[in-house]
Amino acid sequence: MSFFVYILRSEKDGSYYVGSTQDVQERLLRHNQGRSKSTKTRRPWQLLYSEAYPDRSAAVARENQIKKRK
């Protein structure tokens, strides 16, 4: 089963969000429905980028790498 790292951009204020998930489209939907506490005040979100990894640990490692570069 694949895991993905994704980057979203808020259409409201231009901020970015980096996360990881098994289903990018479902996760984007949840962000845009306000079902994610950390992103609900900056809706709507647009998917900018995603990349696939073979397992969760690889995806989380890449997510953390991206977050450190901010």
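So, here's what we can say about the structure. Residues take numbers from 1 onward in each chain, read along the sequence in its written order. For a predicted model such as this one, the threshold for reporting local features is a pLDDT of at least 70, and the threshold for listing and counting side-chain atom pairs is 80 or more; totals across whole chains, interfaces and linings nevertheless cover every residue. The basis for every side-chain value is the complete set of heavy atoms in the structure, and neither hydrogens nor water enter the calculation.

1. Description of the pattern of salt bridges
For this analysis, a salt bridge means a side-chain nitrogen from Lys or Arg found within 4 Å of a carboxyl oxygen belonging to Asp or Glu. Counted by the stated rule, this structure contains two salt bridges. Across the salt bridge formed by Arg62 and Glu51, the nearest N and O atoms sit 2.6 Å from each other. You can see Arg62 sitting in helix 2 (residues 56–68) and its partner Glu51 sitting in strand 3 (residues 45–53), a full eleven residues away along the chain. Between buried and exposed lies partly exposed: a residue is buried under 20% and exposed over 50% of the maximum accessible area for its type, with that area taken using a 1.4 Å probe on protein chains only. The exposure class assigned to Arg62 is partly exposed, which follows from its relative accessible area of 23%. Lys67 is the salt-bridge partner of Glu63, the closest N and O atoms lying 2.8 Å from each other. With Glu63 and Lys67 both in helix 2, this residue pair falls four residues apart, about one helical turn. On the basis of relative accessible area, Glu63 is assigned to the buried category, the value being 10%. Numbering goes from the N terminus for both helices and strands, where a helix is a DSSP run of H or I of at least four residues and a strand is a run of E of at least two.

2. Description of the sheet that holds strand 1 (residues 3–10)
Should DSSP find at least two bridges between two strands, the strands are taken to pair. Pairing within the open sheet is antiparallel, and its three strands lie in the order 2-1-3. Strands with a single pairing partner mark the edges of an open sheet, and in this sheet they are strand 2 (16–21) and strand 3. Adjacent strand axes in the sheet meet at a mean angle of 20°, parallel and antiparallel pairs treated alike. Two residues form a contact once any of their heavy atoms are found within 4.5 Å. For helices, the fitted axis covers only the stretch in contact; all axes are lines through C-alpha atoms, and the angles between them, taken along N-to-C directions, range from 0 to 180 degrees. In the packing of helix 1 (residues 24–32) onto the sheet, the strands contacted are strand 1, strand 2 and strand 3, and the crossing angle to strand 3 comes to about 150°.

3. Observations regarding helix 1
An α-helical turn contains 3.6 residues, so any two residues separated by three or four positions project in the same direction. Among the residues making up helix 1, those that are buried are Val24, Arg27, Leu28 and His31. The arc enclosing the buried residues of helix 1, seen along the axis, measures out at 100°, which places them on a common side. Where helix 1 is buried, its residues touch strand 1, strand 2 and strand 3. As used in this structure description, the phrase polar contact means that two N or O atoms lie within 3.5 Å; if the pair is within protein, one of them must be able to donate a hydrogen and the other to accept it, and residues adjacent in sequence are counted only when both atoms belong to side chains. By the N-cap criterion, in which a side-chain oxygen at the helix start approaches the backbone nitrogen of a residue two or three places on, helix 1 is capped by Asp23, the distance to Gln25 being 3.3 Å. Positive backbone phi, at 80°, marks Gly34, one or two positions downstream of helix 1. Note that the arc is computed from the directions linking the helix axis to the C-beta atoms.

4. Section: the environment of Ala61
Its place among the elements puts Ala61 in helix 2. Sequence separation between Ala61 and Gln33 is 28 residues, and the spatial gap between their C-alpha atoms is 27 Å.

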